[in-house]
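Here's the letter readout for the chains.
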Amino acid sequence: MDVNKAAKGEPGLQTPAGQMDKPVNYHAFESTLPKAVKRRVHALKRLQLQSAHIEAKFYEEVHELERKYAELYRPLYDKRRDFVTGTVEPTDAECEWSSDKDEELTEQMKRKLAIDPAKKEDSAPAEDPKGVPDFWLTILRNADMLTDMIQEHDEPILKHLKDIQVKFSEPGQYMSFTLEFHFEPNSYFTNAVLTKVYKMKCEPDASEPFSFEGPEIIDCTGCVIDWQKGKDVTVKTIKKKQKHKGRGTVRTVTKQVSNLSFFNFFNPVKGSPDDEIDEDSDLAFDFEIGHLFRERIVPRAVLYFTGEAMEDDESFDEELEEGDEVCQFSHLWSHSLHNLAIEAASTFSFYNDF
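For every chain, the first residue of its written sequence is number 1, and the numbers climb from 1 along that sequence. With pLDDT at 70 or above as the cut-off, local features in this predicted model cover only qualifying residues; side-chain atom pairs require 80 or more to be listed or tallied, and sums for whole chains, interfaces and linings still use all residues. Heavy atoms from the whole structure form the basis of all side-chain values; hydrogens and water molecules are not counted.

## Here we look at the overall build of the chain
Next, step 1: Every helix listed is a DSSP run of H or I at least four residues long, and every strand listed is a run of E at least two residues long, numbered separately from the N terminus. Helix and strand content of the chain: 13 helices and six strands.
Next, step 2: Here the term buried applies to any residue with accessible area under 20% of the maximum for its type, exposed to any over 50%, and partly exposed to those in between, with areas from a 1.4 Å probe on protein chains only. Counting over 354 residues, the chain shows a buried share of 34%.
Next, step 3: Should any heavy atoms of two residues lie within 4.5 Å, those residues are counted as being in contact. Restricting the contact set of the chain to residue pairs at least 6 apart, pairs at least 24 apart contribute 62%.
Next, step 4: Accessibility throughout is a Shrake-Rupley quantity obtained with a 1.4 Å probe, and a residue counts as covered only by protein chains that appear here. Accessible area for the chain stands at about 23200 Å²; split by element, carbon and sulfur atoms hold 52% of it.

Following this line, the structure appears as structure tokens:
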């Protein structure tokens, strides 16, 4: 089940302009080589295979590095949660921030506001809300890949979402990551946390070892949502009239059917382990959503809340369009791992200075 292979399709030659020519039969090409040259090419392929296994080890160590750095981020994310929920009020020093709009406010306007308390009071909200209302709901709405997943009946529930966390598998465990959606007590379900686990493969495929480009998500598992009676938004009740063929009497039948909802995310589609994943399938989309939460939404939450992150996403998407032969999923992996390696080097250097 390879998202990357499904997205790339059949192999082809890459031209200097970055375009893919028509697929070629590499076996036929090798058959045209002199026997001595073919023998050496086979030796080169063995070297390439060894290189792929070393690369797999590299990504395993990167995953371990991510897990370690997650512990350094955790205090910051915990403080973010406390500010968002209103559990803790940030200090004046923690609230200091210079923005372009603040700079546009002239000194004259500042003085006017200072000496006109009535006007200042009029401009203030009638009530000081707790924390940052609808923080995560706004983020989910702002992210292009997520906004269509959210239905109107999901929004009152998502208002109770207080944090999203990423947890990495421990050393010795199968490589995976878990998304945790933390909710405050609500009238919709009894779960405090909803989870989605993404299992990853980080080794060259035995049948196609040269297709290896790094870790790939191969499976995901959701969780059971303990809905309160009558509150399950993933199903809807429909009524249908049925006419008896013999007597001609009509009766009304009530039936529950699936309903569009963000919370279907926790009941993912299951694919066969032997099937390749089509890039347009629901399962492939699910994998991309999981990766989006892990690499973009959780680390850059406030920027998705304000909308600033979308500008970066648009420029990033333009960069992806320049090379159609590379699927977005694997490109995101390479992009994030490259940034992680740079960050790791600079952070270790910082700590070594002390």
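We are not done yet, so read on.
## Looking at the confidence of the model for the chain
Next, step 1: One number per residue, pLDDT, summarises how confident the predictor is, and it ranges from 0 to 100. With 69% of its residues at a pLDDT of 70 or more, the chain has an overall mean of 77.
Next, step 2: Here helix α1 (residues 3–8) is the element of the chain with the lowest mean pLDDT, 39, and helix α9 (residues 155–158) is the one with the highest, 97.
Next, step 3: Across residues 323–354 the pLDDT falls below 50, and counting only partners more than four positions away or on other chains, this stretch makes 42 contacts in the model.

## Overview of the pairing of strand β6 (residues 250–258)
Next, step 1: Counting buried positions along β6 yields zero of nine residues, so the element is predominantly exposed.
Next, step 2: In textbook terms, the turn of a hairpin is the stretch between consecutive antiparallel strands, and for strand β5 (residues 235–243) and β6 this stretch comprises six residues, one of which, Gly 248, has a positive phi near 80°. Strand pairing is assigned whenever DSSP identifies at least 2 bridges connecting the two strands.

## Regarding the sheet that holds strand β3 (residues 193–201)
Next, step 1: Taken in spatial order, the four strands of this open sheet run β1-β2-β3-β4, and their pairing is antiparallel. Either end of the sheet is taken by a strand with one partner, and the two such strands are β1 (161–168) and β4 (216–221). Taken pair by pair, the neighbouring strands of this sheet meet at an average axis angle of 20°, ignoring direction.
Next, step 2: Strand direction decides the pairing type here: β3 and β4, joined by five bridges, are antiparallel. Its bridge partner lying in β4, Tyr 198 is registered against Cys 220.
Next, step 3: Contacts from helix α10 (residues 282–297) reach β1, β2 (176–183), β3 and β4 within the one sheet, and its direction differs from that of β2 by about 75°. Only the contacting stretch of a helix is used when fitting its axis, a line to C-alpha atoms as for every element, and angles between N-to-C directions run 0 to 180 degrees.

## Details of the nonpolar core
Next, step 1: To define a nonpolar core, start from buried Ala, Val, Leu, Ile, Met, Phe, Trp, Tyr and Cys residues and group those joined through side-chain atoms within 4.5 Å. In terms of nonpolar packing, the biggest core is built from 52 residues, with Phe 181, Phe 263 and Phe 293 touching the most fellow members.
Next, step 2: Considering each element in turn, this core owes the most residues, six residues, to α10.
Next, step 3: Among all residues touching Phe 181, those that are not within four sequence positions of it are Leu 161, Asp 163, Ile 164, Ala 192, Val 193, Leu 194, Phe 262, Phe 265, Phe 266 and Phe 293.

## Some thoughts on the packing of aromatic side chains
Next, step 1: By convention, a stacked pair of Phe, Tyr or Trp rings (six-membered ring in the case of Trp) has centres within 6.5 Å and planes under 30 degrees apart, an edge-to-face pair has planes over 60 apart, and any other such pair is tilted. Taken as a whole and assessed by the stated rule, the structure comprises 20 aromatic pairs.
Next, step 2: Between Phe 181 and Phe 262 the ring centres are 6.3 Å apart and the planes differ by 65°, which places this aromatic pair in the edge-to-face class. Here the residue Phe 181 occupies a position in strand β2, and Phe 262 occupies one in the loop between β6 and α10, the gap between them amounting to 81 residues. In terms of burial, Phe 181 and Phe 262 fall into one category: buried.
Next, step 3: Ring geometry for Phe 183 against Phe 189: centres 5.1 Å apart, planes inclined by 85°, an arrangement best described as edge-to-face.

## Here's the deal with the environment of Phe 210
Next, step 1: The residue Phe 210 is located in the loop between β3 and β4 in this model.
Next, step 2: Taking relative accessible area as the criterion, Phe 210 reaches 45% and is therefore assigned partly exposed.
Next, step 3: Spatially, the C-alpha atom of Phe 210 lies 7.2 Å from that of Ala 52, the residues being 158 residues apart in sequence.
Next, step 4: Excluding residues within four positions of it along the chain, Phe 210 makes contact with Lys 45, Gln 48 and Leu 49.

## Focus on the environment of Pro 185
Next, step 1: With respect to the element layout, Pro 185 can be found in the loop between β2 and β3.
Next, step 2: In this structure the C-alpha to C-alpha distance between Pro 185 and Leu 161, which are 24 residues apart in sequence, comes to 9.6 Å.

## Things to note about the pattern of salt bridges
Side-chain pairs of opposite charge can arise whenever the charged atoms involved come near each other.
Next, step 1: Definition used for salt bridges: Asp or Glu carboxyl oxygen within 4 Å of a side-chain nitrogen of Lys or Arg. In total, this model carries 14 salt bridges according to the counting rule given.
Next, step 2: Across the pair Arg 67 and Glu 170 runs a salt bridge, and its minimum N-O distance is 3.4 Å. Here the residue Arg 67 occupies a position in helix α3 (residues 35–85), and Glu 170 occupies one in the loop between β1 and β2, the gap between them amounting to 103 residues.
Next, step 3: Looking at Arg 67, the relative accessible area reads 18%, which means it is buried.
Next, step 4: Each of Arg 74, Asp 78, Arg 81 and Asp 82 takes part in salt bridges that share partners, so that together they form one network.

## Some words on the pairing of β2
For a regular strand, the rule is simple: side chains alternate between the two faces of the sheet.
Next, step 1: Counting buried positions over the eight residues of β2 gives eight, a clear majority of the element.
Next, step 2: Neither face of β2 is left uncovered, since the one carrying Ser 176, Thr 178, Glu 180 and His 182 and the one carrying Phe 177, Leu 179, Phe 181 and Phe 183 both have all their residues buried.
Next, step 3: With seven bridges connecting them, β1 and β2 associate as antiparallel partners. Counted as the bridge partner of Val 166 is Leu 179 from β2.

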